[in-house]
Amino acid sequence: MPAQPTPPVPNRDTVTTIRSDGSRLFLHPADTRGRFTAARRLSAFALIGLYLALPWIKIGGYPAVFLDVAERRFHFFGWILAAQDLWLLFFLLTGVGFSLFFVTALLGRVWCGWACPQTVFLEHVYRRVERWIEGDAQERRALDAAPFEGEKVSKRLFKHAVFILLSAIITNLLLAYFVSIPRLWSMISAAPGEHWGAFLFVAFFTAALYFNFAWFREQLCIVICPYGRLQSALIDDHSLVIGYDVTRGEPRGKLNTPGAGHCVDCNRCVQVCPTGVDIRQGLQMECVGCTACIDACDDVMDKLKRPRGLIRYDSLNGFAGKVTRWLRPRTFVYFGLFLVGAGVSIWALSTIQPGSLGVTRMQGAPYYVDGAYVRNQFMVRLINKRNEPALFKVTLVQAPAGALASGLAEAIEIGPLGEELHPLVVQIPRSVYTGNACLVLRLTDLNGRCDISKEIEFVGPSAALLKEDEAAERSDRNHDHEP
Ligand code: SF4
Ligand code: SF4
């Protein structure tokens, strides 16, 4: 049998999960119990519950979060955004991005350890299933080393079948955010050929989730996640991190060894780490802030009747016995940028109109000169963003004197979330025409909740050219009447 490459000993220069020959070392972190494990489990179940519940919770007749791509409507807790409102996303995402910067500068990788979907689903769903089927870390390692037969085959088949089922459930729920639960249910009940797009979406994401949670796991945090890379630039010596108290723990030594620190070198903190880090070597990029090593070490300290907190949440300055400053320039800057993003988002959300007005020029020539008028033809697109019918009115509020607008009814009724196209013809008498002009259309609704103005340009020949044409036409007429 070929010799197995030796598993790397955690160190700061290499990634523990990569062996010396470049092959992957599949980790089996040991179980932990403790206050942080319990709190993280609670928060994970709350987040998973929220993910499961949001498509079912109705606000104003629609799911609380419903990204209705087919209808180009986005429902967020009662707000209805049309495709035209998507510029808001820029400010929303900017606000969220800077809030993450701010939280990271203060609290390090608290997002990764407590709220990231990768951690939440991996640690609290997939690994739990794995433990339930294959046993604790020691039993799983023994199963890895066993020949592929008998119990190993049945356990592995069962585990991967459950993983595929879980991945399919998570993906179908994700799809529900785009199509709603009733539509999802009708898709599930119908043959795949009736909705190939949705079927391929589910098949692709199920496969991707299964690959990620069954095999790729911590590699996503270590080699792919951009936030993981970015966080080293966002934190400083005052940020809260999970670390090891070198002053108290070193030199390591067995219990009752004269002169030894509090670390008894039991290696429990390394055995429980899901990314293979030895936190005693200092803060490392692979650490996702999962708190497992805190609980593991606290448990050891309890047994040894030593104070907890040899591994704990603290700043690097705190570990070095210096003062931790929460308020510092970078937290002010990130908070300021977060306020700008959040402020603009709130302002923009408060100004969202319940209707939308779009105007495009009709196909064909940009203008027509016939009879006594210069004519432009437009197509007006009206959208009712509300869940109830609405009566809209479109008026031409700014135009050259004498201009005539036709094609728009006095009041236009549009059904819930409906959309209508109406032609609009604007004519300016030649006698008052002076060239291109700015027109302003105004959309109002009869409840007084909608008031949108839109500028459009009336185009035509230059006034001089029009006069020359008129003179030529007059001359032609005179010639026609000559005997
Ligand atoms: S769990 Fe605590 S005592 Fe054990 S090796 Fe880690 S730091 Fe030392
Ligand atoms: S070092 Fe500790 S906190 Fe960081 S990933 Fe490992 S177990 Fe989690």
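Residues numbered from 1 in each chain as written. Chains lettered and ligands numbered in written order. Predicted model: local features only at pLDDT ≥ 70, side-chain atom pairs only at ≥ 80, totals over all residues. Heavy atoms only, no water.

Caption draft 1: Expanded view of the overall build of the chain. Scanning the chain for helices and strands turns up 16 helices and 16 strands. When the backbone C-alpha atoms are referred to their principal axes, the chain occupies close to 130 × 60 × 45 Å. Counting every position in the chain, which comprises 483 residues, the buried fraction comes to 43%. Partitioning the intrachain contacts of the chain with sequence separation of at least 6 by distance along the chain shows that 68% fall at a separation of at least 24. For the chain, the accessible surface area stands at approximately 25500 Å², while carbon and sulfur atoms represent 64% of it. Distance between charge centroids for the chain: 10 Å, based on 50 positive and 45 negative side chains. (Helix = DSSP H or I, 4+ residues; strand = E, 2+ residues; numbered from the N terminus. Buried < 20%, exposed > 50% of the residue type's maximum accessible area, 1.4 Å probe, protein only. Contact = heavy atoms within 4.5 Å. Areas by Shrake-Rupley, 256 points an atom, 1.4 Å probe, with all protein chains shown as cover. Lys, Arg positive; Asp, Glu negative; His and termini not counted. Charge placed at Lys NZ, Arg CZ, Asp CG, Glu CD.)

Caption draft 2: Structural view of the side chain of H422. You can see H422 is positioned in strand 14 (residues 419–429). Under the relative-accessibility criterion, H422 is labelled buried at 16%. Residues within four places of H422 in sequence aside, it is in contact with F378, M379, V380, L382, L408 and I412.

Caption draft 3: Highlighting the site of ligand 2. Lining the immediate environment of ligand 2, one finds 13 residues, of which C273, C287, V288, C290 and C293 sit closest. When the residues that make up the shell around ligand 2 are grouped by side-chain class, the tally is 10 nonpolar, three polar and no charged. (Near = heavy atom within 4 Å. Nonpolar A, V, L, I, M, F, W, Y, C, P; charged D, E, K, R; others polar.)

Caption draft 4: Region of the structure containing the sheet that holds strand 11 (residues 390–398). What the four strands build is an open sheet, ordered 13-11-15-16; its pairing is antiparallel. Looking at which strands have only one partner, the edges of the open sheet turn out to be strand 13 (412–414) and strand 16 (451–458). Geometrically, the sheet is characterised by an average inter-axis angle of 30° between neighbouring strands, direction not taken into account. Pairing of strand 11 with strand 15 (residues 437–445) involves six bridges; the strand directions are antiparallel. Considered in strand 15, the bridge of F392 is made with D445. (Pairing = 2+ DSSP bridges. Axes fitted to C-alpha atoms, helices over the stretch in contact; angles between N-to-C directions.)

Caption draft 5: Spatial organisation of the site of ligand 1. If you check the shell around ligand 1, you find 13 residues, and the closest are C263, C266, N267, C269 and C297. Elements with a contribution of two residues or more to the shell around ligand 1: helix 12 (268–271) and helix 13 (292–304). In terms of residue class, the shell around ligand 1 is made up of nine nonpolar, one polar and three charged.

Caption draft 6: Summary view of the pairing of strand 11. Across three bridges, the pairing between strand 11 and strand 13 is antiparallel. Following the sheet pairing, L391 is matched in strand 13 by E413.

Caption draft 7: Expanded view of the packing of helix 4 (residues 117–134) against helix 6 (residues 151–179). One can describe the packing of helix 4 onto helix 6 by two numbers: an axis separation of 9 Å at closest approach and a directional angle of 155°. With respect to helix 6, the axis of helix 4 lies roughly antiparallel. Between helix 4 and helix 6 the crossing geometry is right-handed. Each of F121, V125, Y126, V129, E130, W132, I133 and E134 in helix 4 lies in contact with helix 6, whose residues at this interface are K155, R156, F158, K159, V162, F163, L166, S167 and I170. (Parallel < 35°, antiparallel > 145°, perpendicular 65-115°, else oblique. Left-handed = near helix turned anticlockwise from the far one by under 90°.)

Caption draft 8: Quick peek at helix 13. With 13 residues, helix 13 extends 19 Å from end C-alpha to end C-alpha; this agrees with the ideal 18 Å at 1.5 Å per step. On its buried face, helix 13 is in contact with helix 1 (35–53), strand 6 (240–244), helix 11 (246–249), helix 12 and strand 7 (311–315). Positioned one or two residues after helix 13, K305 has a phi angle of 60°, which is positive. (Expected span 1.5 Å × (residues − 1).)

Caption draft 9: Region of the structure containing the environment of T32. In this structure, T32 sits in the segment before helix 1. When its relative accessible area of 15% is taken as the criterion, T32 is described as buried. The spatial distance from the C-alpha of T32 to the C-alpha of C273 is 9.7 Å, given a sequence separation of 241 residues. Dropping the residues within four chain positions of it, T32 is found in contact with T37, V272, A292, D295 and A296.

Caption draft 10: The sheet that holds strand 3 (residues 65–68), seen in detail. Spatial ordering of the open sheet is given by 3-4-5, a layout of three strands whose pairing is antiparallel. Each end of this open sheet is capped by a strand with a single partner; those strands are strand 3 and strand 5 (79–82). Going from strand to strand, the sheet's axes swing by 15° on average, the running direction of each strand aside. For strand 3 and strand 4 (residues 73–76), the ladder comprises four bridges, and the chain directions are antiparallel. Considered in strand 4, the bridge of D68 is made with R73.

Caption draft 11: Layout of the packing of aromatic side chains. Overall, the coordinates contain 19 aromatic pairs when judged by the stated rule. Pairing Y51 with F121 gives two aromatic rings, centres 5.9 Å apart and planes at 80°, and the pair type is edge-to-face. With Y51 in helix 1 and F121 in helix 4, this pair connects stretches of sequence that are 70 residues apart. For the residue pair Y51 and F121, the accessibility class agrees, reading buried in each case. Ring centres of F204 and F205 lie 5.3 Å apart, and the angle between their planes is 85°; on these two criteria the pair is classed as edge-to-face. (Phe/Tyr/Trp six-rings, centres within 6.5 Å; stacked < 30°, edge-to-face > 60°.)

Caption draft 12: Representation of the pattern of salt bridges. Inspection of every chain in the model, using the stated rule, returns 25 salt bridges. The residue K159 makes a salt bridge to E130 at a minimum N-O spacing of 2.9 Å. Of this pair, K159 sits in helix 6 while E130 sits in helix 4, placing them 29 residues apart in sequence. Comparing K159 with E130 shows no difference in burial state: the two are buried. Across the pair E250 and R252 runs a salt bridge whose closest N-O atoms are separated by 2.8 Å. Given the relative accessible area of 33%, R252 is considered partly exposed. One network of salt bridges, with partners in common, ties together E130, E134, R140, D144, R156, K159 and R217. (Salt bridge = Lys/Arg side-chain N within 4 Å of Asp/Glu carboxyl O.)

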